[in-house]
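Summary of structural features
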Amino acid sequence: MNREKSRQIFEEALTLIPGGVNSPARAFGGVGGVPVVIDRAEGAYLYDVDGNRYVDYVLSWGPMILGHGDPRVKEALAKAVERGVSYGAPTEAENRLASLLAEMVPSIEKSRLVNSGTEATMSAIRLARGYTGRNKIVKFSGCYHGHADSLLVAAGSAAATLAVPDSLGVTPGAASDTIVMQYNDVSGIEELFAERGREIACVIVEPVAGNMGCVPGAPEFLQALRAETEKSGTVLIFDEVMSGFRVARGGAQERYGITPDLTTLGKIVGGGLPVGAYGGRAEIMNSVAPLGKVYQAGTLSGNPLATAAGIATLEAINADPNFYGTISRATERLAKGLTTAASAAGVKVAVQWIGGMSTLFFLSDTDEKVIDWPSASRCEKARFAKFFHALLDGGVYFPCSQFETMFTSVVHTDAVIDETIAVAKDAFNAL
Ligand code: KE4
């Protein structure tokens, strides 16, 4: 496949932007080679600057659950831009989006819009510390919650791919109040809370982890988190930036039937424009300025274009009673097709999936599934890289890391999935 123009444009990018990318997750660090420079997108497809077409399983790392170029979102944006781009003052649309969040995620009694998932998690942690008067926070290795200082310890996602779990520039002071535990380890959590529960302001967790690849939280693990945090007066934060509106209409908390104290959102909530949000019990949210003494602010928070795209996306989801059935069926077809193709080629894999999230893990000889960061990190990364490039040359665009999650949209039809499986069969056989 000719990608000469991509190569030239990326060569120039390297002279202007660190690593040529505005986010390390896009740098092909985990797979090698030159990133594809995208020209446009439509439906389930990306088109690069050399005119090549790819079935897109990255979907902007999650947001594009309607597919690219949904007419309802485009119309909402066109109307919004006619009225102005940004005011820095209250708008009715912000009420609409906040009420959609409260309706779709009932644990969110009040919410605050920000501009990214990182801002959402950073703010939620500050709020939990301000509300409880405690300093310690708990996160889990392999989980990624954005790049706030206190969270860049044993992070997953790009940091894991770059094998730099602790970022330079994060001071010992910023990291020292963060306790890192093992995902899905119930006894570890019970022991920690027995010993230190009263010190802990919050636990932040991806209820369905997506940043070590797709690793659903075990029900007993999430139930233990809820029980232990309840007992110790610790704030439980479900980071649903990725799983929100993706694994169910009400996110992972709806699927698992567990109510967190705070939820963080991003990606789909902005329909591809920069929106993050955090919200939860009014009693806690009322501690946020200007009502309370936990400060958080943002020039473009609730921006009219971003809220228009977010509202249009959530309303499109709500208009289709079969939305999540469609998404799950597409993911299941993909998972089954990949598993069958790998087995036929004698390649050891596990496809782990839930709702619109999935990951094809190239398992180590010793593992039969991926349940935490240690098992994820034992996967055959070199094999994934080879498979990734064979797919890419066949016109299929997977996330460029074994530790990322694939996403499906409502326009990933059977024909689109079957087209992917045909390419995957050749790619497995070429390993
Ligand atoms: P952003 O700041 O990138 O909007 O959100 C941070 C974040 C928070 N929480 C979870 C569970 C997340 O998955 C993310 C961001 N996800 C990565 C993909 N694994 C974004 C890709 C990137 O960093 O470019």
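Just so you know, these numbers come straight off a predicted model, no measurement behind them. (Residues numbered from 1 in each chain as written. Predicted model: local features only at pLDDT ≥ 70, side-chain atom pairs only at ≥ 80, totals over all residues. Heavy atoms only, no water.)

Right, let's talk about the overall build of the chain for a bit. In terms of helices and strands, the chain carries 15 helices and 16 strands. Expressed as a percentage of its 431 residues, the buried residues of the chain come to 57%. In the chain, once contacts between residues fewer than 6 apart in sequence are set aside, the share between residues at least 24 apart is 73%. Working note: accessible area of the chain is about 17,300 Å², and carbon and sulfur atoms make up 53% of it. (Helix = DSSP H or I, 4+ residues; strand = E, 2+ residues; numbered from the N terminus. Buried < 20%, exposed > 50% of the residue type's maximum accessible area, 1.4 Å probe, protein only. Contact = heavy atoms within 4.5 Å. Areas by Shrake-Rupley, 256 points an atom, 1.4 Å probe, with all protein chains shown as cover.)

Glancing now at the packing of helix α14 (residues 381-393) against helix α15 (residues 414-429). Where α14 contacts α15, the axes come no closer than 9 Å and their chain directions differ by 140°. If you check the angle between α14 and α15, you find them oblique. Viewed along their axes, α14 and α15 form a crossing whose handedness is right-handed. Taken together, the residues of α15 that come into contact with α14 (itself represented by F387, A390 and L391) are V423, A424, A427 and F428. (Axes fitted to C-alpha atoms, helices over the stretch in contact; angles between N-to-C directions. Parallel < 35°, antiparallel > 145°, perpendicular 65-115°, else oblique. Left-handed = near helix turned anticlockwise from the far one by under 90°.)

The next subject is the site of the ligand. Near the ligand there are 17 residues, and of these S23, T118, N211, D239 and E404 occur at the shortest range. Between the ligand and the protein, one listed contact pairs a nitrogen atom with a side-chain N or O atom of N211 at 2.4 Å. Between a nitrogen atom of the ligand and a side-chain N or O atom of E404, the distance comes to 2.7 Å. In terms of residue class, the shell around the ligand is built from 5 nonpolar, 8 polar and 4 charged. (Near = heavy atom within 4 Å. Polar contact = N/O pair within 3.5 Å; in protein donor to acceptor, adjacent residues only side chain to side chain. Nonpolar A, V, L, I, M, F, W, Y, C, P; charged D, E, K, R; others polar.)

This part covers the packing of aromatic side chains. This structure, assessed with the given rule, holds 14 aromatic pairs. Aromatic side chains F140 and F221 sit 5.2 Å apart centroid to centroid with 80° between the ring planes, which places their arrangement in the edge-to-face category. In this pair, F140 sits in strand β5 (residues 136-140) while F221 sits in helix α8 (residues 219-232), placing the two residues 81 residues apart along the sequence. Like F140, the residue F221 is buried in the burial classification. (Phe/Tyr/Trp six-rings, centres within 6.5 Å; stacked < 30°, edge-to-face > 60°.)

Judged by how many residues are buried, strand β12 (residues 276-280) sits mostly within the fold: 5 of 5 residues are covered. The side-chain alternation of β12 yields two buried faces, one formed by G276, Y278 and G280 and the other by A277 and G279. Note: strand β4 (residues 110-114) against β12, 5 bridges, orientation antiparallel. The partner of L113 across the bridge, within β12, is A277. Where strand β11 (residues 262-265) lies against β12, 4 bridges are found, and the strand directions are antiparallel. By the bridge assignment, L265 is partnered in β12 with A277. (Pairing = 2+ DSSP bridges.)

For the rest of this paragraph, the subject is unusual backbone geometry. A289 connects to P290 through a cis peptide bond whose omega is 10°. By the secondary structure assignment, P290 is in the loop between α10 (282-285) and α11 (304-318). For F28, which is not glycine, the phi torsion reads 65° and is therefore positive. Of note, F28 is situated in the loop between α1 (4-16) and β1 (38-42). The buried category is assigned to F28, whose relative accessible area is 2%.

On to the sheet that holds strand β3 (residues 53-56), then. Pairing within the open sheet is mixed, and its 4 strands lie in the order β1-β2-β3-β15. Across the chains shown, the open sheet's two edge strands, defined by having one partner strand only, are β1 and β15 (396-397). In this structure, β1 lies alongside strand β2 (residues 45-48), joined through 4 bridges in antiparallel fashion. Its bridge partner being in β2, E42 is matched across the sheet by Y45.

So, about the packing of helix α12 (residues 323-344) against α15. The description of two packed helices rests on the angle between their axes and on the distance between the axes. One can describe the packing of α12 onto α15 by two numbers: an axis separation of 9 Å at closest approach and a directional angle of 20°. What the angle tells us is that α12 and α15 run roughly parallel. With respect to the hand of their crossing, α12 and α15 are arranged in right-handed fashion. Mapping the contact onto sequence places A330, R333, L334, G337, L338, A341 and A342 in α12 and D414, I417, D418, T420, I421, A424, K425 and F428 in α15.

Time to look at the sheet that holds strand β16 (residues 406-407). In spatial order, the strands read β13-β14-β16; together these 3 strands make up an open sheet with antiparallel pairing. Lying at the two open borders of the sheet, with one neighbouring strand each, are β13 (349-354) and β16. Looking at chain direction, β13 and strand β14 (residues 357-362) are connected through 6 bridges and run antiparallel. Within β14, the position partnered with V349 by the bridge is F362.

In this structure, Y57, L338, L360, F387, F398 and F428 are the most contacted members of the largest nonpolar core, which totals 41 residues. Breaking this core down by element, the ones donating at least two residues are β2, β3, α12, β13, β14, α14, β15 and α15. With 7 residues, α15 is the single largest residue contributor to this core. Excluding residues that lie within four positions of it along the chain, L360 makes contacts with V349, A350, V351, F384, F387, F398, Q402, M406 and F428. Counting 40 residues, the second largest nonpolar core, distinct from the first, contains M212, V247, M357 and A376. (Core = buried A, V, L, I, M, F, W, Y, C linked by side-chain atoms within 4.5 Å.)

This part is about the environment of V396. Relative to the elements of secondary structure, V396 occurs in strand β15. Since its relative accessible area comes to 1%, V396 is described here as buried. Along the backbone, V396 and A93 are 303 residues apart, and their C-alpha atoms lie at a distance of 37 Å. Beyond its immediate sequence surroundings of up to four residues, V396 is in contact with Y54, V55, Y57, L391, T420 and V423.

So, to be careful, I would describe these as geometric facts and stop short of saying anything about function.
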